[in-house]
Structures are given as structure tokens and as C-alpha cells.
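Here are the chains, one letter per residue:
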Amino acid sequence: MPLKKLTADAFFALQIVLAIISGGSQLLRLLTTSQGVNFSWLASWLTFLLINLTLTIRAHRSQPSRVTLQTVMTYAAWTTVIAACLLVMLWKGTELWDLKDTATTTVVGLAVLLTWLQARRRGLKITDPLVSGLLAVWFVGLPQLTLAYKIFTVGGAGLAGEMLLAGHIGIMTRLGQLWFAIREAGWDRNRQGAALSEIANEATWLLVTLAWLARW
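(A) Main features of the pattern of salt bridges. In total, this model carries three salt bridges according to the counting rule given. Asp-9 serves as the salt-bridge partner of Arg-66, at 2.9 Å between the closest nitrogen and oxygen. Note that Arg-66 is positioned in helix 3 (residues 66-92) and Asp-9 in helix 1 (residues 3-30), a separation of 57 residues in sequence. According to the relative accessible area criterion, Arg-66 is partly exposed, its value standing at 45%. Between Glu-198 and Arg-174 there is a salt bridge, with the nearest N and O atoms lying 2.6 Å from each other. Separated by 24 residues along the polypeptide, Glu-198 in helix 7 (residues 189-215) and Arg-174 in helix 6 (residues 161-185) bring together distant segments of the chain. You can call Arg-174 buried: its relative accessible area is 2%.

(B) Quick peek at empty space enclosed by the protein. This structure, assessed with the given rule, holds two cavities of 30 Å³ or more. When its volume is computed, the largest cavity comes out at roughly 70 Å³. Lining the largest cavity are Leu-55, Thr-56, Ala-59, Thr-68, Thr-71, Leu-178, Ala-181, Asn-190, Arg-191 and Ala-194. Where the lining of the largest cavity is concerned, the elements lending two or more residues are helix 2 (39-62), helix 3, helix 6 and helix 7. Residue composition of the lining of the largest cavity, grouped by class: five nonpolar, four polar and one charged. In this model, the second largest cavity occupies a volume close to 40 Å³. Taken together, Trp-45, Trp-78, Gln-144, Gly-167, Ile-171, Arg-174, Asn-201 and Trp-205 make up the lining of the second largest cavity. Taken together, the elements giving at least two residues each to the lining of the second largest cavity come down to helix 6 and helix 7.

(C) Inspection of the packing of aromatic side chains at higher detail. Overall, the coordinates contain four aromatic pairs when judged by the stated rule. When the centroid spacing of 5.9 Å and the interplanar angle of 15° are considered together, the rings of Trp-41 and Trp-205 count as stacked. Taken together, the residues Trp-41 in helix 2 and Trp-205 in helix 7 connect sequence positions 164 residues apart. Each member of the pair, Trp-41 as well as Trp-205, carries the same accessibility label: buried. With a centroid separation of 5.8 Å and an interplanar angle of 40°, the aromatic rings of Trp-45 and Trp-205 are classed as tilted. Within this pair, whereas Trp-45 is found in helix 2, its partner Trp-205 is found in helix 7, the two being separated by 160 residues in sequence.

(D) Spatial organisation of the side chain of Thr-74. Turning to its location among the elements, Thr-74 is positioned in helix 3. Setting aside its immediate chain neighbours within four residues, Thr-74 contacts Phe-12, Gln-15, Arg-174 and Gln-177.

(E) Expanded view of the layout of surface pockets. The volume enclosed by the largest pocket comes to roughly 190 Å³. Taken together, Thr-115, Gln-118, Ala-119, Arg-122, Leu-124, Asp-128, Leu-130, Val-131, Leu-134 and Arg-189 form the lining of the largest pocket. Of all elements in the fold, only helix 4 (99-121) and helix 5 (129-154) reach the threshold of two or more residues within the lining of the largest pocket. Residues belonging to the lining of the largest pocket are distributed by class as follows: five nonpolar, two polar and three charged.

Calculation criteria
Residue numbers run consecutively from 1 along every chain, following the written order of its sequence. With pLDDT at 70 or above as the cut-off, local features in this predicted model cover only qualifying residues; side-chain atom pairs require 80 or more to be listed or tallied, and sums for whole chains, interfaces and linings still use all residues. To get the side-chain values, all heavy atoms of the structure are used, and hydrogens and water are removed first. Salt-bridge detection follows one rule: a side-chain nitrogen of Lys or Arg within 4 Å of a carboxyl oxygen of Asp or Glu. Each helix corresponds to a stretch of at least 4 residues labelled H or I by DSSP, and each strand to a stretch of at least 2 residues labelled E; elements are numbered beginning at the N terminus. Buried means the residue's accessible area, taken with a 1.4 Å probe over protein chains only, is under 20% of the maximum for its type, while exposed means over 50%, and partly exposed covers the values in between. Here a cavity denotes a set of grid points, spaced 1 Å apart and computed over the protein atoms alone, in which a 1.4 Å probe fits but from which it cannot get out, and a pocket denotes an open set meeting protein on both sides within 12 Å along at least five of seven lines; residues with an atom within 4 Å of a point are reported as lining. Grid points are joined across faces, edges and corners, and a volume is the space filled by probe spheres set on the points. Three residue categories are used. Nonpolar comprises Ala, Val, Leu, Ile, Met, Phe, Trp, Tyr, Cys and Pro, charged comprises Asp, Glu, Lys and Arg, and polar comprises the others, including Gly. In summary, the pairing rule links any two rings of Phe, Tyr or Trp, Trp by its six-membered ring, whose centres are within 6.5 Å, and it sorts them by plane angle into stacked for under 30 degrees, edge-to-face for over 60 and tilted for everything else. Contacts were defined at the residue level, with two residues in contact if any of their heavy atoms lie within 4.5 Å.

Written out as C-alpha cells, the structure reads:
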């Protein structure tokens, strides 16, 4: 088997393992405490994953391959575990919403509205891959800035350390998967949108990690 295919398969296997570790550790943590964890963050992260899942499905349909299918399955796995975490938080029903959630939702909503207006002015639909990618940036980046602030001010016991580490490895591996897909099928707008959002994801997740370490 070629080295390129072996590497792509290893990235995919790692993503599935990371999703299980990240989701499992966070589920267990949320069963005991949600300190520092914003409901709006999980909801926004789920939206971000659904957008990228849609982008990778479109990219796979336009030029299907083993690598593009693995990328789709990767986002499907992460979507499942984050949806499960969100359901656990709803089930527990503690510390579901505060002023930070309201502020985050308002800012994200305004960013989405401005992006839609700008896209419309340029004759682009909201389903345009780069427009969707920019929306994903707002859904993942802004809530994670709020999460970092909340953890720094009240503590981050509700965020599992395993999830933090798995998050960084997962983001970099997904960027690696996108890179393989780009080399194989080309730098189309769907992959550009997904890559843009993942870069924003890593930058803001780093801030969350620094805040968590500062309160550890």
C-alpha cells in the first residue's frame, strides 16, 4: 500500500479514536459538573461540525475517493459525540444558560447576519462553500473565545483535559486530511471553506487551553 494511502488511513483511524476519547471523557465529566462549560459553546460547535460535514459531503460527491469519504466519516463521528455531550447537558439541566451565553449568541447572530448581507450583496448564496466556511468560523471561533473567558474567570472543571488534548490533535489531523484531499482532488471552494474554519478552530481552541491551564 502506498505511503500516502497508509498515512491517510492512519489519520482517519486516529480521528475516530480521538472522537471516542474526547466525547467519552467529556460525557463523563458533564455527568458530574459543567463548571466553565457554556451550553451555547456546545450548540455552536455542533453547528460548526454540521456545516463542515455538509461541505465535505459536497466535496466527496463532486470528486469521490477513499480520502474524501474518510473526511466525511470523520466529521460524522465528531458530530455524533458533540451531539451526545449536548444531550447530556440538557438532561442534567444544570447551569444551562447565563449572560455569557446570551452575549455569545447575540454576537454570533450578528456576525451571521452581516455575513449573509455581504454575501447577498456579492450575489452569493448562503450555501456557497466559502460563505458557509465563514459562518463556521463564527460558530466555532466566537463561542470558544467566550469559553476561554468563562474558564479563566470561574474555572474549567467541567471541561475534560482529555478533550482539550484530543481537540488539538483532532484539528491538526483534520487539516491533514483536508490537505490530502486537496492534493488528490484539487483546491475547490468546499475544501477552502472547511480549511478556513478549522484554522479558526485551532487558534481559538489554543486560547481555551491556555485559560484552562491558567486555572488548573
